[in-house]
Amino acid sequence: DGYSEGPAGNWRLEKYEPSRFKCIIIDEAHHASAQTYRRILRHFAADTSDCQIYVWGCSATLRRYDGLGLAGVFDEITYQRPFLSMIKEGWLCGIRVTSIETRTDLNGVRKLGDDLALASLSRAVNNLERNKLIVDAYRKFAQGSRRSTVVFAVNVNHVKALVKAFSDAGIEAATITASTNRNDRVEILRAFSERRIPVLINCGILTEGTDIPAIDCVMMARPTRSPVLFQQMLGRGMRLYPGKADCLVLDFVDTFRPGTDMVTVPTLMGLDPEVLVKDQLFDKQTIKDPDNARCSALSLKDGEQQHNKEDEDGGGYQGLPPAESLLLSSPDQIIARHHRNPYAIFELKQEAGATKALWQP
């Protein structure tokens, strides 16, 4: 929060004396190539190769929508883990996917950069037939068995139409958009997190910075050509939560020409983009080749999803890489110790004047 646009933002940034800082930590680091972030880095003289300040970032999606690279901010990726590996190792829950084919034609939707123009996309998908299909899919696959469903819509008009469709079907649903005031947003998110609201419909709000582990169903009602955006939406339901075995993903697949590069769960998993999956589980047992973003336990035969049952002897749980120590240019030494238990408790302990970050089983 050290910078905002305009003179007031410049004044606020000037309050920070660069010589007093040794490290800059950037969360959601895929934003770091934006001009607002670069101004902060320039202020701290952290934008040159010979800078004396340590810049560290983390992100679940290292690619940007606009294609801007991060090489101007970071020198290298020091640690990376594909999300399928995180499922395989138990850090994220598995996903249970069903593709639902619609009769909505996206061929006339205008492209914008690496994605689709929202106004054009909304005109195509925000129709009574498709919206009813979304509600019917919820009733068939999620109602009664899933307690916290998040729906990703295209824009505000789409959100309003969907909440009306759910309401007309007698299903309680809440909405969050950019126009939702702060107090209402806080209360809605609290109620949804506590499972007092079964369905939450949003557009462009819950894709980043949202931590609601209770989400156990994600409805992809917003088509996209962006793997980054698709993975962000998918990731909302993959956090671990007591009693949550997996996250149900209802993937709505519209009509589009070959080569349009629409992103669906099969394309994200490295499977045939033409396939429609039904109740397909991607978890520790079914994911065999996570580093290549492909489930080698899955094969296609006669248009059906077939599960190749493989011998699991010797497979088991794969832990994170061996523990490493990172010594910063300060008296504090950070030591990360990795354990197999994904529910480990992170504790800070003071020993001999050094701060040690320990994973305790």
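The name given to the protein chain in an unreviewed UniProt entry is DEAD DEAH box helicase, with the source organism recorded as Spiromyces aspiralis.

This part is about the overall build of the protein chain. Along its length, the protein chain carries 9 helices and 17 strands. Split into buried and exposed, the 361 residues of the protein chain put 42% on the buried side. If you sum the accessible surface of the protein chain, you get close to 20,000 Å²; carbon and sulfur atoms cover 50% of it.

Glancing now at the packing of aromatic side chains. Evaluation of the coordinates by the stated rule reveals 3 aromatic pairs. When the ring of Phe21 is compared with that of Phe44, the centres are 5.3 Å apart and the planes differ by 80°; the resulting orientation is edge-to-face. Placement of Phe21 in the loop between α1 (7–14) and β1 (23–27) and of Phe44 in the loop between α2 (35–43) and β2 (54–58) is noted, with a sequence separation of 23 residues between them. A relative accessible area of 10% means that Phe44 is categorised as buried.

Our next topic: unusual backbone geometry. Phi at Ala45 takes a positive value of approximately 55°, unusual for a residue other than glycine. Tracing the sequence through the fold places Ala45 in the loop between α2 and β2. Despite not being glycine, Arg195 has its phi angle at roughly 65°, a positive value.

Taking 1.5 Å of rise per residue, 13 residues should cover 18 Å, and helix α6 (residues 156–168) covers 18 Å from first to last C-alpha, within 8% of that figure. Residues of α6 that are buried: His158, Val159, Leu162, Ala165 and Phe166. All buried residues of α6 lie within an arc of 130° about the axis, which places them on one face of the element. Turned more than 90 degrees away from the buried face of α6 sit Asn157, Lys160, Lys164 and Asp168, all of them exposed. Each element contacted by the buried residues of α6 is listed here: α4 (118–125), α5 (128–142), β6 (149–152), β7 (173–176), β8 (199–202) and β9 (217–220).

Glancing now at the pattern of salt bridges. Here the structure, examined in full by the defined rule, presents 14 salt bridges. For Glu129, the salt bridge identified is with Arg103, shortest N-O distance 2.8 Å. Taken as a pair, Glu129 in helix α5 and Arg103 in strand β3 (residues 94–105) lie far apart in primary sequence, 26 residues in all. Owing to a relative accessible area of 47%, Glu129 belongs among the partly exposed residues under this scheme. One salt bridge in this structure joins Glu187 and Arg196, with 3.7 Å as the shortest N-O distance. Take Glu187: its relative accessible area is 37%, and that puts it in the partly exposed class.

Scoring rules and cut-offs
- Residues numbered from 1 in each chain as written.
- Predicted model: local features only at pLDDT ≥ 70, side-chain atom pairs only at ≥ 80, totals over all residues.
- Heavy atoms only, no water.
- Helix = DSSP H or I, 4+ residues; strand = E, 2+ residues; numbered from the N terminus.
- Buried < 20%, exposed > 50% of the residue type's maximum accessible area, 1.4 Å probe, protein only.
- Areas by Shrake-Rupley, 256 points an atom, 1.4 Å probe, with all protein chains shown as cover.
- Phe/Tyr/Trp six-rings, centres within 6.5 Å; stacked < 30°, edge-to-face > 60°.
- Expected span 1.5 Å × (residues − 1).
- Arc of directions from axis to C-beta.
- Contact = heavy atoms within 4.5 Å.
- Salt bridge = Lys/Arg side-chain N within 4 Å of Asp/Glu carboxyl O.

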